[in-house]
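Architecture and fold: a report
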Amino acid sequence: MKRIKLNVNVWRQSSNEDVGKFVKYTLSDLNSHMSFLEMLDVLNEKLIEEGNNPISFEHDCREGICGSCSMMINGEPHGPQKATTACQLHLFNFRDGDEVYVEPWRAKPFPIIKDLVVDRSSFDRIIQSGGYVSVNTGSAPDGNAIPIPQKDAKLAFDAAACIGCGACVASCKNASASLFVSAKIAQLAILPQGNPERKSRVINMINQMEEEGFGHCTNTGNCEAQCPKEISISNIEKMNQEYIKANL
Amino acid sequence: MKKLSLFQTTIGKKLLMALTGILFCFFLLVHLLNNLTLFLGPDSFNALVSSLEYIKPLIRVLEVLLLIILVTHIYNAFFLSYKSKSSRPSGYSSQIKDSSTISSKTMLISGVTILLFLVVHLGTFWRIFQSVDDHSIYYDIVTKNNIVGFGNPLIAVLYMAASIFIGMHLKHGFESSFKTFGISNVRTKNIINKVAILFWFVVPFGFFVISAWFGIIKGLL
Ligand code: HEM
Ligand code: FES
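Residues numbered from 1 in each chain as written. Chains lettered and ligands numbered in written order. Predicted model: local features only at pLDDT ≥ 70, side-chain atom pairs only at ≥ 80, totals over all residues. Heavy atoms only, no water.

**Observations regarding the coordination of the iron atom of ligand 1**
All names here are of chain B. As a reminder of what qualifies: Listed donors are limited to N, O and S atoms within 2.8 Å of the metal, widened to 3.2 Å for Na, K and Ca; water is not among them, so incomplete-looking sites are possible. Irregular is the default label, applied whenever a site is not tetrahedral (four donors, all angles between 85 and 135 degrees) and neither square planar nor octahedral (four or six donors, opposite donors over 155 degrees apart, all other angles between 65 and 115). Working definition: helices are DSSP H or I runs of at least four residues, strands are E runs of at least two. Numbering for both runs from the N terminus. Only protein chains enter the accessibility calculation, which uses a 1.4 Å probe; a residue whose area is less than 20% of its type maximum is buried, one above 50% is exposed, and one in between is partly exposed.
Donor atoms from the polypeptide that bind the iron atom of ligand 1 are H73 (NE2) and H169 (NE2), placed at 2.0 Å. Considering all six donor atoms around the iron atom of ligand 1, the spread of angles at the metal, 86 to 179°, places the coordination shape in the octahedral class. Highlighted residues: H73 in helix α3 (residues 56-86) and H169 in helix α7 (residues 153-180), separated in sequence by 96 residues. Given a relative accessible area of 18%, H73 falls into the buried group.

Here's what the structure looks like:
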C-alpha cells in the first residue's frame, strides 16, 4: 500500500453571499486506497482538532448511486477517473505531490450553500413537474405482465441509470441541464408505462427546466464524456423529438 | 405557472437556428455551383450572372428570404449565447477540462467571423453587381479588381479565411442540427454523417479553391 502526499486546494465559502476562495491544505502520509471523500474526512478531522471550521461537502451512499457527492476535482466533475463518482474515486488516481483543486458546481440554478455544497433542488422541481408515471395502487403488478422489447428495456434502463448528480450541468459550457432532463424524459417515454403522461411530461419538465434558468444545449457532448453513469447524449435527441411531437 | 410555447424555450429557439442553418447550407451549395462557372471563363460566368437579371423578381424574393433566415439565425445565436452566460454568472476558478471538439466550442466565434465576412462580401460584390449595367465585366470585377476583387491579395486571404471558418462552423453545425431536430435513428445518423462532409468540407473547400486560384495561384503562374 502506497502512502502519498497531496496539496489540496479547496474552495471555501461561508455562504452564498460570501466571496469564496481556494485554501490550500497539505496532507501527507495519505493511504492511496482511500476514497477522495475519505481524504476530505481526514482533512476535516484535522481541521476540527485544530479548532477550525471543517469543509462542508455533500455525501450519502458513498457507493456511487445517490449522486450527492458533487464536486469539481481538477476541472472535471467527480475528478479524473472516467465513469466514476467522487466517492468512488481513489487516491491512487493521483501522484505523490500532486496539486489538487476542488470547487463546487457552478450554475445559477445551483446556488452555493457552503464550501462545496450547492442547492440542487432545481432538479427536484423538474422531477416533480413530470418525472413520474401514474400507477394503480394496490398489490405489486405481475412481473412481465406488460411485454417490453429487449432493445427498449435496455435503452430505458441505460437512461434510468442517471443519479441526478448535476455533473452534466457542471461540465456544460452553457450550464445546460439537457442530459439530466432528457434521461428522465427518455426513460419513461420509451416504456409503455410512461405513455399516459407522455405529452404533458415533456412539456412540463422542459417548462420547469427553463424556469430554473439552465442554459441551452449546443450538442458539444462534454456532458456525456463527464457523466459518472455514462448517460448517452442520444437521450437529448429523444427529448427534442418528444418535445417537437408534443407541440405539433 | 405559465406554460412557455415552443419558440419561447431554448429548445424551440435552437430549433429555429438549426432550420435556418440547414437552409443556409443549401444556399451555399447553390452559390458555389454558380461560382464554379468562373473556371469555365468570362463568357460562361458573365452569361450566368446576366441570366439572373431575367428572373430579378424571383431573386429579390429569395434575397429577402435569405435575409430573414440569417437574421433569425443570428438573433437566436446571440440570444442563446447571452442566456447561457447568465446561467453561469460566476465561472470556475480552476482550469476546466472540456473534451468536446474545438469546432463545437467555438460556434459563436466562427459565427461572428462569418458575419463580419458577410458584411464585407455584401458591401462589395453584391452592392457593385446591383449597379453594373455592362454585362461583360462581372468576371473581371471578381477576378481582377484590385480593391474589392481577387486582384487584391488581401481580399483573397479574407475569402480563404472565411471559407475555413464556414467549414469549422458546419463541421459541428450540420450534424448538430439533426440532433436538434431529434433524429435519433442510427441508420439515418450514418447517412447524415456522410452528407455532412459535402457541407462542412467540399463546399467550403470549393470556395477556398476559387479565392486561392484567382487571388493567389493564378498570379504566380
Ligand atoms: C454561412 C452562414 C451560416 C450557416 C450555414 C450556419 C449554420 C449553422 C448550423 C447548421 C448550426 C447548428 C444548429 C444546431 O446545432 O442545431 C449553427 C449554429 C450556430 N450558429 Fe450558425 N450558421 C451561419 C452563420 C452564423 C452567424 C453569422 C452566426 C453568428 C453571428 C452564427 C452563430 C451560430 C452559433 C452561436 C451557433 C451555435 C448555437 C448553439 O449554441 O448551439 N452562425 N449554425
Ligand atoms: S456519495 Fe452517493 S454517489 Fe457519491
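**Looking at unusual backbone geometry**
Residue and element names in this part refer to chain A. Of note, D29 is a non-glycine position whose phi angle comes to about 60°, a positive value. Within the secondary structure, D29 sits in strand β2 (residues 21-31). You can call D29 exposed: its relative accessible area is 52%. The phi angle at H78 is positive, at roughly 65°, despite the residue not being glycine.

**Digging into the pattern of salt bridges**
When the charged atoms of two side chains with opposite charge come close together, those side chains can pair. Applied cut-off: A pairing counts as a salt bridge when a side-chain nitrogen of Lys or Arg comes within 4 Å of a carboxyl oxygen of Asp or Glu.
Scanning the model with the defined rule gives 20 salt bridges over all chains in all. Of the charged contacts in the structure, one is a salt bridge between K238 of chain A and E242 of chain A, with a shortest N-O distance of 3.4 Å. Linking K238 of chain A with E242 of chain A, this pair stays in helix α8 (residues 234-247), spanning four residues, or about one helical turn. Assigned by exposure class, K238 of chain A and E242 of chain A land together as buried. Between K56 of chain B and E53 of chain B there is a salt bridge, with the nearest N and O atoms lying 3.4 Å from each other. Look at K56 of chain B and you get partly exposed, because its relative accessible area is 25%. Overall, the relative accessible area of 31% leaves E53 of chain B in the partly exposed class. Via salt bridges that share partners, R12, K114 and D115 of chain A belong to a single interconnected network.

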